[in-house]
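# Residue-level structure breakdown
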Amino acid sequence: MEQFFYTETMTVMNADADFRSLLKPSALLRYVEQISTMHARHFGMDDKFFVDHGVAFLVGKQAAQITRMPLRAEKLTFLTACEPCKKGSMKRLTRILDEAEKECALIDSRWIVVDTDRECILRQPSWHTPGYWNEDLDGELPQLVHKAKELTCAGSRTASYSLCDLNGHVNNACYLDIACDALPLEVVKGGPLKFVSVKYHREIPLGSQVEVFYAPSTDGWYVVGRREEHAAFECY
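First, a word on scope: everything that follows refers to the structure included in this document. As the structure is a prediction and not an experimental result, all values here were calculated from the model. (Residues numbered from 1 in each chain as written. Predicted model: local features only at pLDDT ≥ 70, side-chain atom pairs only at ≥ 80, totals over all residues. Heavy atoms only, no water.)

### Quick notes on the state of the cysteines
Following the criterion strictly, the structure yields 0 disulfides and no others. As a non-bridged cysteine, cysteine 104 has cysteine 180 as the owner of its nearest cysteine sulfur, 18 Å distant. (Disulfide = S-S within 2.5 Å.)

### A closer look at empty space enclosed by the protein
Per the stated rule, a full pass over the model turns up 1 cavity of 30 Å³ or more. Approximately 40 Å³ is the volume found for the largest cavity. Among the secondary structure elements, those contributing two or more residues to the lining of the largest cavity are helix H1 (25-42), strand E2 (55-66) and strand E5 (103-115). The dominant element in the lining of the largest cavity, judged by the number of residues it contributes, is H1, at 3 residues. (1 Å grid on protein atoms, 1.4 Å probe; cavity = no way out; pocket = protein on both sides within 12 Å on 5 of 7 lines; lining within 4 Å. Points joined across faces, edges and corners; volume = space filled by probe spheres on them. Helix = DSSP H or I, 4+ residues; strand = E, 2+ residues; numbered from the N terminus.)

### Some remarks on helix H3 (residues 174-182)
Taken together, the buried positions of H3 are occupied by Cys174, Tyr175, Leu176, Ile178, Ala179 and Ala182. Buried residues belonging to H3 abut H1, strand E7 (152-158), strand E8 (195-200), strand E9 (209-217), strand E10 (220-227) and strand E11 (230-235). (Buried < 20%, exposed > 50% of the residue type's maximum accessible area, 1.4 Å probe, protein only. Contact = heavy atoms within 4.5 Å.)

### A closer look at the pattern of salt bridges
By the definition in use, this model includes 16 salt bridges. Taking the shortest distance from any N to any O, the salt bridge between lysine 147 and glutamate 234 comes out at 3.5 Å. Separated by 87 residues along the polypeptide, lysine 147 in the loop between strand E6 (120-122) and E7 and glutamate 234 in strand E11 bring together distant segments of the chain. Looking at lysine 147, the relative accessible area reads 58%, which means it is exposed. (Salt bridge = Lys/Arg side-chain N within 4 Å of Asp/Glu carboxyl O.)

Take a look at the structure:
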């Protein structure tokens, strides 16, 4: 069966690199989000389309497996493809290749379609777009978050202007900035990220506060952000 992919190239910007000249984890997810948006727009799903249909695409959870974190000024090729909505969730796989066509990273995102008027998740969208969806995609990443019980408080963060997007709440990629900032500096300096799984439970609106906690867990680190005593996000 023919597989439908969308391909685009991007170059890692200086402002998106960290102190090692490596792409920041949050920037990696921002690039993937941008490619996903470009894919949808290519099939006519632009801002007007979503306003007219009264819906929005949001990320419910995602995981990234990084074989090699890209470098500053490196040219990358993105290959993205998605499945139809199944039980209210749409699987999207994005592969990032370097100039030698070697895979640097695989991102497995699970998107949801939200009715913006009723503020509820739709099990199926009300439209059909031939050539956009694939019935099945090979491959997936574990979406489990390995929790920990004895947590250390890393303080609170405000959903400031620089963290929020057009939806008026913290952008899905910026949760990784919050998580990385919460971890001890020696952990961050210890090496580039190899794997991450993020679950988005509740939005963090512009101006609101989130308390952040962390702990070591199963060969990695667990980070949770709580808003009004409820988990807003978790990542491992």
